[in-house]
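Each chain, letter by letter, is given below.
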Amino acid sequence: MRRLSRKKALNLVKELDAFPKVPESYVETSASGGTVSLIAFTAMALLAFFEFFVYRDTWMSYEYEVDKDFTSKLRINIDVTVAMRCQFVGADVLDLAETMVASDGLQYEPVVFELTPQQRIWHRTLLLIQNRLREEHALQDVLFKSLLKGGPTALPPREVDPNQSPNACRIHGHLYVNKVAGNFHITVGKAIPHPRGHAHLAALVSHETYNFSHRIDHLSFGEEIPGVINPLDGTEKVCTDHNQMFQYFITIVPTKLKTYKISAETHQYSVTERERVINHAAGSHGVSGIFMKYDISSLMVTVTEQHMPLWQFLVRLCGIIGGIFSTTGMLHGLVGFCVDIVCCRLKLGVYKPKEVGILDGHSSQTPLLTDTNEQE
Ligand SMILES: *[C@@H]1O[C@H](CO)[C@@H](O)[C@H](O)[C@H]1NC(C)=O
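Just so you know, these numbers come straight off a predicted model, no measurement behind them.

Participant: Could you give me a rundown of the site of the ligand, with the residues and numbers involved?
Facilitator: Every residue close to the ligand is listed here: A83, F113, E114, N211, S213, V238, C239, T240, D241 and H242. C239 places a main-chain nitrogen or oxygen 3.1 Å from a nitrogen atom of the ligand. Considering the ligand on its own, with 360 Å² of exposed area, one finds that the protein chains cover 66% of that surface. Across the shell around the ligand, the residue classes break down as four nonpolar, four polar and two charged.

If you want it as structure tokens, here you go:
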């Protein structure tokens, strides 16, 4: 019994065979068929080859969601050079809760404001990249992918010691602030906290020494990742007036970055800037200095590097090979059919008006009429 049913099953499977087995002697080969096969195989090989590159390639996908993390601290990484002596300037952060954040993380380093020729070249290159980044957003993806490969975006150190005494102050380091909107600023005088906020001791500094020309070599939020170029990196402002106020309005977007090399929680930001001369007599009030007002977006972006899965690659490969195979087969048949018709007609030289007339949907009378006309 068992053997019988097994045989039956085998027969059933045999009947399901979709691949016809034509005896070798029945298969006719032709030159045209050979050519078409050659073209088809070449096309298959080429497309499969290119498909492999598509498979190897990765792309970035962006997802947006509401940022639910409201307890963690925000890290601000900063590297700004101001064209004033270190003892005259102070930098600190005030957040929305009006609490002064300890700015112990910042170092004040006396430097020379002017860059050396090498540093100039580097700076110009950075600005060039910044310009391109603003125009072509796809470049950002490339940067994300090559993060760790990219060199540091910090200004290279001076190659020779300056021959002039330091005239500027480089303020660099990092701060941890609450994850609320705030204001990072650099103004005249060191900050001293007092119960309702804080004040800067500016009385001792003469207005003649005010010069808020500055260069932002680095400003980022969150984890510092080598290779990322932030919107303000490389910004340089030289002012002609002593009392000038520079404002940067920054919107921070929390960004989770997941590439094949790196997984980091960082922040991107967008910025608008404004600058004006403080002149109390002309009604332009304010405090001269550099103010960076930041706010944190409630949306979080997740940037993930994606890759075509292997199964998808295989399916696409099958599609290419099978598709080209059957399509060229059909085309070959069609072309052969057309050629046959044309050749037969030419060979026989017989034009069958009646048939064509019917096919074209014309009245079958017309050919007869022309016939009669020809006879006349
Ligand atoms: C401020 O310093 C920069 C760089 O040293 C200089 O080019 C600029 O003229 C100075 N501005 C004023 C108002 O002194």
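Participant: An account of the state of the cysteines is needed here, citing residue identities and associated values.
Facilitator: Taken as a whole and assessed by the stated rule, the structure comprises one disulfide. Disulfide pairing is shown between C86 and C169; the S-S distance is 2.1 Å. Torsion about the S-S bond of the C86 and C169 cystine: about 95 degrees, corresponding to right-handed handedness. Placement of the pair is C86 in the loop between β2 (74-82) and β3 (89-95) and C169 in strand β6 (residues 168-177), with a sequence separation of 83 residues. Of the two residues examined, C86 and C169, each falls in the buried class.

Participant: Describe the UniProt feature "transmembrane region" (unreviewed entry) in the protein chain, listing the residues and the values that go with them.
Facilitator: Those residues carrying the UniProt feature "transmembrane region" (unreviewed entry) are residues 35-55 in this numbering. In residues 35-55, the share of helix is 100% and the share of strand is 0%. The end C-alpha atoms are 30 Å apart.

Participant: Describe the environment of N230, listing the residues and the values that go with them.
Facilitator: Position of N230 among the secondary structure elements: in the loop between β10 (214-222) and β11 (235-237). In this structure, the C-alpha to C-alpha distance between N230 and S270, residues 40 residues apart in sequence, is 9.0 Å. Sequence-distant contacts of N230, that is, excluding residues within four places in its chain, are made with Q130, H218, L219, S220 and Y269.

Participant: Please provide a residue-by-residue account of the packing of aromatic side chains, values included.
Facilitator: A complete count under the given rule lists nine aromatic pairs for this structure. Between F52 and Y55, the ring centres sit 6.3 Å apart and the planes meet at 45 degrees, which makes this aromatic pair tilted. Of this pair, F52 and Y55 both sit in helix α2 (residues 31-56), separated by three residues, roughly a single helical turn. The exposure class assigned to F52 is partly exposed, which follows from its relative accessible area of 36%. A residue is classified by how much of its surface remains accessible, and Y55, at 16% relative accessible area, is buried.

Rules behind the numbers
Every chain is numbered independently, its residues counted from 1 as its sequence is written. Where totals are concerned, whole chains, interfaces and linings use all residues; where local detail is concerned, this predicted model gives features only for residues with pLDDT of at least 70, and gives and counts side-chain atom pairs only at 80 or more. Side-chain measures here rest on the full set of heavy atoms in the structure, leaving out hydrogens and waters. The nearness test applies per residue and asks whether one of its heavy atoms lies within 4 Å of the molecule or strand. In protein, a polar contact means a hydrogen-donor-capable atom and an acceptor-capable atom, both N or O and within 3.5 Å, with residues adjacent in sequence counting only if both atoms are side-chain atoms; elsewhere, any N or O pair within 3.5 Å suffices. A 1.4 Å probe and the Shrake-Rupley method give the accessible areas. Residues count as covered only by the protein chains that appear here. Classes in brief: Ala, Val, Leu, Ile, Met, Phe, Trp, Tyr, Cys and Pro nonpolar; Asp, Glu, Lys and Arg charged; the others, Gly included, polar. Pairs of cysteine sulfur atoms within 2.5 Å are what we label disulfides. Helix and strand definitions follow DSSP, with helices as H or I runs of at least four residues and strands as E runs of at least two, each counted in order from the N terminus. Think of it in three bands: with a 1.4 Å probe and only protein chains considered, a residue is buried below 20% of the maximum accessible area for its type, exposed above 50%, and partly exposed in between. UniProt positions are given in the numbering used here, feature names are shortened, and annotations may be inferred rather than shown by experiment. Whether two residues touch is decided by their heavy atoms; if any such pair falls within 4.5 Å, the residues are in contact. Pairing of aromatic rings covers Phe, Tyr and the six-membered ring of Trp, with a centre-to-centre limit of 6.5 Å; geometry is then stacked below 30 degrees between planes, edge-to-face above 60, and tilted otherwise.

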